[in-house]
Amino acid sequence: MARRRIAITGIGLVTPLGIGTDVTWAKVRAGESGIGAITRFDASEFTTRIAGEVRDFDGTQWGMQKRELRQMDVFIHYGLAAAKMAMEQSGLGEDRPDPERIGVYVGAGMGGLSGIENTWETLRAKGPRHGISPFFTPSVIINLAPGQISIRYDCRGPNMSMVSACSTGAHSIGEAARVIERGDADVMIAGGTESTVTPLGIGGFCSARALSQRNDEPTKASRPFTQSRDGFVLSEGAALVVLEALDRAVARGATVIAEVVGYAANADAHHITMPAPGGEGAQRCMTLALRDAGLAPEAIGYINAHATSTAADTIETAAIRSVFGSHAYDGLAVSSTKSMHGHLLGAAGSLEAALCAMALHEGVLPPTINLDDPDPECDLDYVPHTARQVQVEHAMSNSFGFGGTNAAIVLKRYG
C-alpha cells in the first residue's frame, strides 16, 4: 500500500511576537525579538525577570465566551485561538470530512500552572468548600486542550495529548502525520500550547539555573550559539497546524503550505536534563528522520535548530556536523528562531516546524539574531542577524527535551 502524502494546509500561531500567523512570521522575517520584562506578576525577587509573554490576548476575539474563559486555563485559551486560525486558513468549511475522520493531537509540556497556583491561593484563603472551582480539574489537565478543540470543531477521530517536555509540539505533529499515513484519519489538528510564565514556572527554572539573567537587555537575552549565552528565555504561546491527506487537499483546491515527508522520535537514555555526549541521540534522530523521508543529508537546505541559548547548543552543532558531514559547511543553513521568540517549551517544536513550513512556502530562511560573538565551537552557517531570501526544497526541525526525548521533522516544499 502506497504511503499517503501529508500536507500542511493551515497554521495558527499565538506567540510573544504577536497574535496571528502573519504577524509572527513578519516579525521573524524582520529579525525582531518578542522578549521583554515580565508583567504577569511581580518578578522583582526572581533572578530572572524577563520572558516571552503573549501580550494583548483577548479570548473573546477568538470565539470564546467570558464564562468559558473562566473555566479554562490560559494554555487552553491559546490553543483554541491557534486552532481557529489554522482551521480558517485551511479552508475546511463545507469541505470537511466526516467528523470521525478528523482528529486532534495537541500537547503541552506543563499544562495549567496558573490555574494550579491560583486555586492553591484561593484554597488557602477560603478553605476546601469554597476555594476550589468544580472546573479546576478540567481547566488544568493537558488533554483538555485537544478536548476543547475537538468539542468546538466536532472532531471525533483520534484525540490525545503528547507530553514530552520541549519535544511535545514536534511529537504531536509527527504522530498526527502517522495517523493520516495509516488511514485512521484524513485531517488532524496538531501541535503544542503552553503558558508557564508564572511564579512557579519562572521560579523552577531559576532554581535550576537554566534561565538567562540578562534582565537589562531582554531583547538580547536569547542568543543561541554565542560565547556569552547564559540560559534560555521562558516563553509562552501556541502553534497548531492542520495536517491533511495531500490528495484530499489538492482535490478541494486547498493551498498547500508544505508537506510533512519525514519524522523520527527516539531517546538519549542518558540524563534527566543534559543531552548525550556528542549529541548521540540527536544524531540518531536526525538520521532516522532522513531515512523516513527517503532523503540523503545533502537534500536538506535548512534546519531550524532546537538551540536554546544554553551549553547544549554546541552539542547540537556537533550532532549536525556528524550527520551532515561536509554538507554542514557547504549549502546547509541552520538557525534558531528561539533567538526571537524564546523557548515555548511544549509549543516550541510545533512553532519551529510551522516556521520551517513558512520558510519553504515563501523562500525565506529565518535568521538567528543576537549572534554578536559566535562560540568557536558553533561554526556553522546560522543565518546571522538577517533573514535570507533563498528557496530550498527540504527543511528539518529539531526538538529535544528533558528526559532525553528527541524529535525531528522533515518538510518538503510543495509545487
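Please refer to the structure higher up on the page.
### Things to note about the pattern of salt bridges
Here comes step 1: Going through the model one piece at a time under the given rule, you end up with 25 salt bridges.
Here comes step 2: Note that Arg4 is salt-bridged to Asp186, the shortest N-O span being 2.8 Å. In this pair, Arg4 is assigned in the segment before strand 1 (6–15) and Asp186 in the loop between helix 7 (168–181) and strand 7 (187–194), connecting sequence segments 182 residues apart.
Here comes step 3: For Asp186, a relative accessible area of 13% corresponds to the buried category.
Here comes step 4: Across the salt bridge formed by Asp379 and Arg321, the nearest N and O atoms sit 2.8 Å from each other.

### Looking at the nonpolar core
Here comes step 1: Ile8, Ile11, Met188, Leu243, Val260, Ile409 and Leu411 are the most contacted members of the largest nonpolar core, which totals 50 residues.
Here comes step 2: Looking at this core element by element, the count peaks at 10 residues for helix 13 (residues 348–362).
Here comes step 3: Non-local contacts of Val260, meaning those with residues more than four positions away in its chain, are made with Ile6, Ile8, Ala177, Leu243, Ile409, Val410 and Leu411.
Here comes step 4: Ala86, Ile142, Ala145 and Leu240 belong to the second largest nonpolar core, which has 32 residues in total.

### Observations concerning unusual backbone geometry
Here comes step 1: Phi is positive for Ala165, close to 55°, though the residue is something other than glycine.
Here comes step 2: Inspection of the secondary structure assignment puts Ala165 in the loop between strand 6 (159–160) and helix 7.
Here comes step 3: Despite not being glycine, Arg209 has its phi angle at roughly 55°, a positive value.
Here comes step 4: On the secondary structure map, Arg209 appears in the loop between helix 8 (199–207) and strand 8 (237–245).
Here comes step 5: Judged by relative accessible area, which is 75%, Arg209 ranks as exposed.

### A short note on the pairing of strand 7
When a strand is regular, its side chains alternate between the sheet's two faces.
Here comes step 1: The buried fraction of strand 7 is high, at eight of eight residues.
Here comes step 2: Going residue by residue along strand 7, you find Val187, Ile189, Gly191 and Thr193 tucked away on one face and Met188, Ala190, Gly192 and Glu194 tucked away on the opposite face as well.
Here comes step 3: In the sheet, strand 5 (residues 102–107) pairs with strand 7 via six bridges, with the strands oriented parallel. Bridge assignment links Tyr105 to a residue of strand 7, and that residue is Ala190.
Here comes step 4: One ladder, built from eight bridges, connects strand 7 with strand 8; its direction is antiparallel. Within strand 8, the position partnered with Ala190 by the bridge is Val241.

### What about the state of the cysteines?
Among covalent bonds in proteins, the disulfide is the one between the sulfur atoms of two cysteines.
Here comes step 1: Using the criterion set out here, one finds zero disulfides in the structure.
Here comes step 2: Among the cysteines around Cys285, which has no disulfide bond, Cys356 carries the closest sulfur, lying 14 Å off.

### Quick word on the packing of helix 3 (residues 74–90) against helix 6 (residues 144–153)
Here comes step 1: Relative orientation of the contacting elements helix 3 and helix 6 amounts to 40°, with a least axis distance of 9 Å. Comparing the axis directions of helix 3 and helix 6 gives the class oblique. Here helix 3 runs over helix 6; the crossing is right-handed. Contact residues: helix 3 offers Phe75, Ile76, Gly79, Leu80, Ala83, Lys84 and Met87, while helix 6 offers Leu144, Ala145, Gln148, Ile149, Arg152 and Tyr153.
Here comes step 2: Here the contact of helix 3 with helix 6 is composed, by residue class, of nine nonpolar, two polar and two charged.

What counts, and at which threshold
Residues numbered from 1 in each chain as written. Predicted model: local features only at pLDDT ≥ 70, side-chain atom pairs only at ≥ 80, totals over all residues. Heavy atoms only, no water. Salt bridge = Lys/Arg side-chain N within 4 Å of Asp/Glu carboxyl O. Helix = DSSP H or I, 4+ residues; strand = E, 2+ residues; numbered from the N terminus. Buried < 20%, exposed > 50% of the residue type's maximum accessible area, 1.4 Å probe, protein only. Core = buried A, V, L, I, M, F, W, Y, C linked by side-chain atoms within 4.5 Å. Contact = heavy atoms within 4.5 Å. Pairing = 2+ DSSP bridges. Disulfide = S-S within 2.5 Å. Axes fitted to C-alpha atoms, helices over the stretch in contact; angles between N-to-C directions. Parallel < 35°, antiparallel > 145°, perpendicular 65-115°, else oblique. Left-handed = near helix turned anticlockwise from the far one by under 90°. Nonpolar A, V, L, I, M, F, W, Y, C, P; charged D, E, K, R; others polar.

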